[in-house]
Amino acid sequence: MSDGTKTKIVITKEELRDPKIDEAIDRQRSYDPGAIQPTEKKSAFRLIYATWFYLALAGAVGAFAAWALIEPSFEDAIFVTGRVEEVRPDAVPLTFRGTVHEIRGAIRVAGITTYTIPERTKIIAPQEPSGRRHLSLGELKPGQVVKVMGVAAPDSSSLIALVIRQEDGAAPSTTNASVWALNARQIFFGFLLLPCVAALVGLMVGAVEGIICRTFARAAWCGAIGLIAGLLGGALSALGAGLVFGLIGVLGGDTIDPTSSGPAFLLLMFRRSLAWTIAGMAMGLGQGFALKSSKLKFNGFVGGMVGGLLGGLLFDPLDLLLSNHELMQGAELSRAVGLTIIGATVGLMIGLTDLLTRDAWLKVTKGPLRGKEFSFNRTPIRMGSSPKNEIYLFKDIKIEPVHAEINKLRDTFDLADLDSSAGTFVNGLRIRRHRLADGDLIRIGDYELVYSTREKARR
């Protein structure tokens, strides 16, 4: 019987530090799943684990690597350097037709006849204190050293000059050159550029998911498939792009200098974006083929196509902004920037397509992969400490090699513990099998993952 006095409860510091208190609080919270919140702070955002970010970064790295590989051998035009052997201001070609421009005047340099287009071909004198000066063809004299940038005439026997620039006498001369050979080399490396970019972007985009998740065998496999898909797709698109370039260029009526007028430049942008759209389709297919996932194939196809389109549209404006044909330089920088943007855009759009089309996913809120999201692109989805799993939970000795598994059950997903010793917990309760609902907090070892769906109204 109580005597009416109140008993004072004393809690020591040692009792507050007892881990059993935390366990009791977790157990109490487990009775109200809606009260459980992810352990991740809302302000915490690990950018490197955002799918759209690392795919964009991977695409940019792949495209830049392709540029670095091809650039030493790539030429925007045909370049010839040598002493002027002959100047004919009134010469007109008799062996070819097919250009809308009036061609009049020619010089002979390094054994190659080079025709000029009045008011289009730029003839540039050396740098002077007053600035760079434009010359007329008649001001060139035999014996002067010049550098010619031009395109092959339709019969590949002579050049049509875009720029003729006077050089000093020490400039190295082109020897044993033929227009046909120079043009063939330019076409070959120009053709090689598209497949090389597509292949290396496909390699990086295919491999980066495995690299981020430490599943290096999967990274190697997906990267190899991405490399092959990009190479084949890029080669096919290069063939198609060449035909489209030629056809639309002829219809556009300006096949020599597409930057000479607004309509011609817009046609060039259209041709370029169409070519990169086709190439982009193949850049993102590697992971889908490697993992036999229709969803990943769709994401890679759509994301790559849109990324190629946007990147292709930006390529020529960047080239126009960064290049300086009068100086015969700057195209290397514009290609590096333009191709890197194309690769980054392809990767970004693949990541955004995944975000927009996924129905369910897991986000790691505690553990080494905190911030990483795993979309449900195919089932079963195995989780464990083995790198062969779809979700590799490394650096945790409490996790079994194959610890748990997620399977599709009609329009929902089912999580099953695979007889693990440490157990699988959902909202603080140990489970053997559990039908997942939006917001469920899954704990495996020291990892915590939140299950999310697009249908939040079912919560």
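Residues numbered from 1 in each chain as written. Predicted model: local features only at pLDDT ≥ 70, side-chain atom pairs only at ≥ 80, totals over all residues. Heavy atoms only, no water.

A. Seen up close, the pairing of strand β12 (residues 412-417). Burial of β12 is extensive: six of the six residues sit out of reach of the surface. Residues Thr412, Asp414 and Ala416 point to one face of β12 and Phe413, Leu415 and Asp417 to the other, with burial holding for every one of them. Direction of pairing for strand β11 (residues 404-409) relative to β12: antiparallel, over a ladder of six bridges. When the sheet's bridge partners are listed, Lys408 is paired in β12 with Phe413. Adjacent in sequence and paired antiparallel, β11 and β12 are bridged by two residues, among which Arg410 carries a positive phi angle near 55°. When β12 meets strand β15 (residues 433-435), the two strands line up antiparallel, connected through three bridges. Its bridge partner being in β15, Asp414 is matched across the sheet by Arg435. (Buried < 20%, exposed > 50% of the residue type's maximum accessible area, 1.4 Å probe, protein only. Helix = DSSP H or I, 4+ residues; strand = E, 2+ residues; numbered from the N terminus. Pairing = 2+ DSSP bridges.)

B. Examining the sheet that holds strand β17 (residues 447-453) more closely. The strand order across the open sheet built from six strands is β8-β7-β17-β16-β13-β14, with neighbouring strands paired in antiparallel fashion. Every interior strand has two partners, whereas the edge strands, β8 (373-375) and β14 (429-431), have only one. Averaged over all adjacent pairs, the angle separating strand axes in this sheet is 30°, with direction ignored. Taken together, the six bridges between strand β7 (residues 360-366) and β17 define a ladder with antiparallel strand orientation. For Val364, the partnering residue across the bridge sits in β17 and is Leu449. (Axes fitted to C-alpha atoms, helices over the stretch in contact; angles between N-to-C directions.)

C. Main features of unusual backbone geometry. That bond from Thr379 to Pro380 is cis: its omega, 0°, falls within 30 degrees of zero. Note that Pro380 resides in the loop between β8 and β9 (381-384). Of note in the backbone geometry, Ser156 takes a positive phi value of approximately 55° without being a glycine. Note that Ser156 resides in the loop between β5 (145-152) and β6 (159-166). A positive phi angle, close to 60°, is found at Lys395, a residue other than glycine. Its location among the elements puts Lys395 in the loop between β10 (391-392) and β11. Its relative accessible area of 73% is what places Lys395 among the exposed residues.

D. Representation of the nonpolar core. By size, the foremost hydrophobic cluster in this structure holds 56 residues, and its most contacted members are Val197, Leu362, Met383, Ile406 and Leu415. It is helix α4 (residues 179-212) that contributes the most residues to this core, 11 residues altogether. When near neighbours in sequence (up to four residues on either side) are disregarded, Val197 contacts Ala63, Ala66, Trp276, Met283 and Leu339. Counting residues in hydrophobic clusters, the runner-up holds 18 residues, among them Val84, Ile123, Ala152 and Ala161. (Core = buried A, V, L, I, M, F, W, Y, C linked by side-chain atoms within 4.5 Å. Contact = heavy atoms within 4.5 Å.)

Function cannot be read off these values alone, since they describe shape.
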